[in-house]
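# Geometric and topological summary
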Amino acid sequence: MRKYVIMGPQGSGKGTQAKLLCRDYDLIHIGTGDLLRWHAQNHTRLGAQVKRMVTAGQLVPDELMQEIVRERLDQHDWNYGFVLDGFPRNVAQSRYFTERWDVDAVVLVDVPDPVVIERALARRQCSQCGLDYNLLHHRPAVADTCDACRGRLVARADDTPEGLRARLGDYHGQTRPVLELFAQKERLLCVDGTRPIEVIQAEIRQRLGLPLRAAA
Ligand code: AMP
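The sections below set out a description of the structure shown in this document. (Residues numbered from 1 in each chain as written. Predicted model: local features only at pLDDT ≥ 70, side-chain atom pairs only at ≥ 80, totals over all residues. Heavy atoms only, no water.)

### Digging into the nonpolar core
Filter applied, for reference: The nonpolar core is taken to be a set of buried Ala, Val, Leu, Ile, Met, Phe, Trp, Tyr and Cys residues, with the residues joined through side-chain atoms within 4.5 Å. Only protein chains enter the area calculation, which uses a 1.4 Å probe; residues under 20% of their type maximum are buried, those over 50% are exposed, and those in between are partly exposed. Note on conventions: DSSP H or I runs of at least 4 residues are helices, E runs of at least 2 residues are strands, and numbering of each starts at the N terminus. In what follows, a contact means two residues having at least one pair of non-hydrogen atoms within 4.5 Å.
Counting residues in each nonpolar core, the largest one holds 26 residues, and the members touching the most others are V5, M7 and F97. For this core, the secondary structure elements donating two or more residues are strand 1 (3–7), helix 3 (45–56), helix 4 (62–74), strand 3 (81–85), helix 5 (91–100), strand 4 (105–110) and helix 7 (161–185). Residues in contact with M7, not counting those within four places in the same chain, are K14, P88, V106, V107, L108, V109, T175, V178, L179 and F182. Grouped together as the second largest cluster of nonpolar side chains are 17 residues, I6, A18, V191 and I200 included.

### Observations regarding the site of the ligand
Inclusion rule: One heavy atom within 4 Å of a molecule or strand makes the whole residue count as near it. Polar contacts, as used here, are pairs of N or O atoms within 3.5 Å; protein pairs need one atom able to donate a hydrogen and one able to accept it. Residues neighboring in sequence count only if both atoms are side-chain atoms. Residue classes follow a fixed rule: Ala, Val, Leu, Ile, Met, Phe, Trp, Tyr, Cys and Pro count as nonpolar, while Asp, Glu, Lys and Arg count as charged, and any other residue, Gly among them, counts as polar.
Neighbouring residues of the ligand: 19 residues in total, closest T32, Q58, V60, G86 and Q93. In the environment of the ligand, a nitrogen atom lies 3.0 Å from a nitrogen or oxygen atom belonging to the backbone of V60. For the ligand, an oxygen atom lies 3.1 Å from a polar atom in the side chain of R89. Residue assignment for the shell around the ligand shows that the elements contributing at least two residues are helix 2 (32–41) and helix 3. The element best represented in the shell around the ligand is helix 2, accounting for four residues. Of the residues assigned to the shell around the ligand, the class counts are seven nonpolar, seven polar and five charged.

### Digging into the sheet that holds strand 7 (residues 153–154)
How we decide: DSSP bridges decide pairing: two strands pair if at least two such bridges lie between them.
Reading across from one edge, 6-5-7 is the order of the three strands in this open sheet, with antiparallel pairing throughout. The sheet is open, and its two borders are formed by strand 6 (132–134) and strand 7, each paired with just one other strand. Pairing of strand 5 (residues 123–126) with strand 7, which is carried by two bridges, proceeds in the antiparallel orientation. Bridge assignment links Q125 to a residue of strand 7, and that residue is V154.

### Some details on helix 3
Selection criterion: The arc in question is traced by the directions running from the helix axis to the C-beta atoms.
Turning to helix 3, its buried residues number three or more, namely L46, G47, V50, M53 and V54. All buried residues of helix 3 project into a common sector of 140° when viewed along the axis, lining one side. In helix 3, the exposed residues that point more than 90 degrees away from the buried face are A48 and R52. In this structure, the buried side of helix 3 is in contact with helix 2 and helix 4. Positive phi shows up at G57, right after helix 3, with a value of about 75°.

### Focus: the sheet that holds strand 8 (residues 188–192)
What holds strands together in a sheet is hydrogen bonding between their backbones, with the strands either parallel or antiparallel. Rules: What counts as an axis is a line fitted to C-alpha atoms, over the stretch in contact for a helix, and the angles between N-to-C directions run from 0 to 180 degrees.
Strand order across the open sheet formed by five strands is 2-3-1-4-8, with parallel pairing between neighbours. This sheet does not close on itself; its edge strands, each paired only once, are strand 2 (27–31) and strand 8. In this sheet, neighbouring strand axes are inclined to one another by 20° on average, regardless of whether the strands run parallel or antiparallel. As paired strands, strand 4 and strand 8 are joined by five bridges and run parallel to one another. Each residue of the ladder has a partner; that of V109, found in strand 8, is V191.

### What to know about the packing of helix 2 against helix 4
Put simply, the rule is: In these notes the angle categories are as follows: under 35 degrees is roughly parallel, over 145 is roughly antiparallel, 65 to 115 is roughly perpendicular, and the rest is oblique.
Between helix 2 and helix 4, whose axes approach to 11 Å, the crossing angle comes to 100°. When the axes of helix 2 and helix 4 are compared, the pair comes out roughly perpendicular. Listed contacts from helix 4 to T32, L35 and L36 of helix 2 are M65, I68, V69 and R72. A class-by-class count of the residues in the contact of helix 2 with helix 4 yields five nonpolar, one polar and one charged.

### A look at the packing of aromatic side chains
Rule in force here: Pairing of aromatic side chains here covers Phe, Tyr and the six-membered ring of Trp, requires ring centres within 6.5 Å, and sorts the geometry by plane angle: under 30 degrees stacked, over 60 edge-to-face, intermediate tilted.
Scanning the model with the defined rule gives five aromatic pairs in all. Relative to W101, the ring of F97 lies with its centre 5.4 Å away and its plane at 40°, an arrangement referred to as tilted. In this structure, F97 and W101 share a single accessibility class: buried. Taking relative accessible area as the criterion, F97 reaches 0% and is therefore assigned buried. Cluster of aromatic residues (ring-pair linked, three or more members): F87, Y96, F97, W101 and F182.

### Digging into helix 2
Structural remark: α-helix, 3.6 residues per turn; residues separated by three or four positions point the same way. Among all positions in helix 2, only T32, L36, H39 and A40 are buried. For helix 2, the buried positions fall inside an angular range of 100° around the axis, keeping them on one side. Summarising the contacts, the buried residues of helix 2 are in contact with strand 2, helix 3, helix 4 and strand 3. Within two residues after helix 2, H43 carries a phi angle of roughly 50°, on the positive side.

Encoded structure:
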């Protein structure tokens, strides 16, 4: 059973890379941003607590986040591996994580800031079926309309220039130091995230030593 953490700034494509790995290797994608958005959309008590912070691109307090991840991993069926995406995001969270779980590797998808901003501002998601789009690579046949289900495409509430600046500030100040900690304890792979999706995916698979399957 394989366990990985994937890291990188927002818009680095780490979520896409995680989903491709999960699709072909029977792994479960555990995205903490997705978990929080699920709570917000479904009006749980936790959702009410975190909605404002998630919308503003601010980090959710560590204790709450740690609780969410612990609960999610407690519920996990350990017959399946996973790719954890979005946690840990600062040194306190990484201490919490490394004291409880270990992983086979940490993959960093590295992308410079200007590329992060350009990509994130072009991100859209179907409000009906949840399909992801990036308008830099994939324009829907009808503007703002999902090709698959005709739902309306919307930007994430935190994908604004201000929200992105806040998240990039947190990334450099708080998340990058996590990599130094991980480098001491876990296998850390750094891949250049500015290349085409399938090239990055092929490098990740090869460096993780995964059995060869055609990358998407
Ligand atoms: P993401 O989809 O990973 O960009 O996460 C969206 C938002 O969820 C972030 O901007 C934070 O508000 C919150 N979030 C996700 N993961 C964490 C975390 N590990 N610690 C604190 N806040 C988080």
